[in-house]
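Fold and contact review
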Amino acid sequence: MAAPPPDIPRNPGINRVWAVFLAVFGAISLFVAGLLATTNGIPLWVGALPAGLAIGLFLLAWRVYLRPSKSGAALTFEKDALTLDITSALHAPRHYRIGWADLREIHLVKGGYGAGGLGFLLTHEAAQRLGLIQPTTRAAAPDLLVGRNIATPRHSFALPDEQVVARLTEAAETVGYQVTRKTHREFLVVGKTVFEVARKEDM
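Residues numbered from 1 in each chain as written. Predicted model: local features only at pLDDT ≥ 70, side-chain atom pairs only at ≥ 80, totals over all residues. Heavy atoms only, no water.

Digging into the sheet that holds strand E1 (residues 72-77)
Read from one edge of the open sheet, three strands run E1-E2-E3, paired in antiparallel fashion. Two strands close off the open sheet at either side, each with one partner strand: E1 and strand E3 (94-99). For this sheet, the mean angle separating the axes of adjacent strands, direction not counted, is 15°. Strand contacts of helix H4 (residues 161-174): E1 and strand E2 (81-87), with the helix running at about 25° to E1, the strand carrying the most contacts. (Pairing = 2+ DSSP bridges. Helix = DSSP H or I, 4+ residues; strand = E, 2+ residues; numbered from the N terminus. Axes fitted to C-alpha atoms, helices over the stretch in contact; angles between N-to-C directions. Contact = heavy atoms within 4.5 Å.)

Below is the structure:
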């Protein structure tokens, strides 16, 4: 059996997006401070307030830019499974160990300005085992009505989308599974590609 491919680490530069936002707001505050400073009849201390805010935002943006991000997602490949670790500033860390037999589809959603995500559609049994759905959920329920999908934003990984899918395909090949493109649909500015995961002898 071939060795699994290298793991996919989390994107260490997610904080840079927040740093850009902070810098933009700092520039706006500095612009407001300049307008107030050149307006007659307004005390200087009034203009000093947005100027101080701008300096604070610039310093915070620089600190955020230099710090490695704790948010993101990482994929670890094993002989018979893959492990997805998701960390976020808004949620507790999530850890999913997904066997290849538990994986039905991989969804890649691309939108404008980097929007979209990578999702994994699981079997009903796997979703129940991982705590995504309750034991009382009907197995025949439509996929959209039950939590059988684990998703993370596209920018969570350190690699581009195509390389993530290629590495998933390579990992599947090493254990006798195959990842094949099933459908591709465009919804205005968003495109969704579905890859089917199945054992080679079942295809």
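Here's the deal with the pairing of strand E8 (residues 190-199)
Where strand E4 (residues 103-110) and E8 come together, six bridges link them in antiparallel fashion. If you follow Val109 over to E8, its bridge partner there is Lys192. Taken together, the ten bridges between strand E7 (residues 177-187) and E8 define a ladder with antiparallel strand orientation. Bridge pairing in E8 places Gln178 opposite Ala198. Connecting E7 to the next strand, E8, in antiparallel fashion are two residues, including Leu188 with a positive phi near 55°.

Points about the pattern of salt bridges
Evaluation of the coordinates by the stated rule reveals seven salt bridges. A salt bridge links Lys182 to Glu105; the shortest N-O distance between them is 2.9 Å. Remark: Glu105 occurs in strand E4 and Lys182 occurs in strand E7; sequence separation between them is 77 residues. For Glu105, a relative accessible area of 15% gives the class buried. With a closest N to O distance of 2.6 Å, Glu173 and Lys200 form a salt bridge. Residue Glu173 is found in helix H4, and its partner Lys200 is found in the segment after E8; the two are separated by 27 residues along the sequence. For Glu173, a relative accessible area of 35% corresponds to the partly exposed category. (Salt bridge = Lys/Arg side-chain N within 4 Å of Asp/Glu carboxyl O. Buried < 20%, exposed > 50% of the residue type's maximum accessible area, 1.4 Å probe, protein only.)

A closer look at a nonpolar patch on the surface
A contiguous nonpolar surface patch, about 1,000 Å² in accessible area, is contributed by Val17, Trp18, Val20, Phe21, Val24, Phe25, Ile28, Phe31, Val32 and Leu35. Here Phe31 shows up in helix H1 (residues 15-37). On the basis of relative accessibility, which here comes to 56%, the residue Phe31 falls in the exposed class. (Patch = residues over 30% accessible without salt bridge, like charges linked within 9 Å, V, L, I, M, F, W, Y side chains within 5 Å. Areas by Shrake-Rupley, 256 points an atom, 1.4 Å probe, with all protein chains shown as cover.)

Points about the packing of aromatic side chains
Under the criterion given, the structure shown has two aromatic pairs. Relative to Phe21, the ring of Trp18 has its centre 6.3 Å away and its plane inclined at 50°; by these criteria the two rings are tilted. Highlighted residues: Trp18 and Phe21, both in helix H1, separated by three residues, approximately one helical turn. Classification of Trp18 as exposed rests on a relative accessible area of 56%. Exposure remark for Phe21: the relative accessible area of 48% places this residue in the partly exposed category. Ring geometry for Trp62 and Tyr65: centres 6.1 Å apart, planes at 10°, overall stacked. One end of the pair, Trp62, and the other, Tyr65, are both in helix H2 (residues 44-66), three residues apart, so they sit about a helical turn from each other. Of the residues examined, Trp62 reaches a relative accessible area of 55% and is grouped as exposed. Since its relative accessible area comes to 37%, Tyr65 is described here as partly exposed. (Phe/Tyr/Trp six-rings, centres within 6.5 Å; stacked < 30°, edge-to-face > 60°.)

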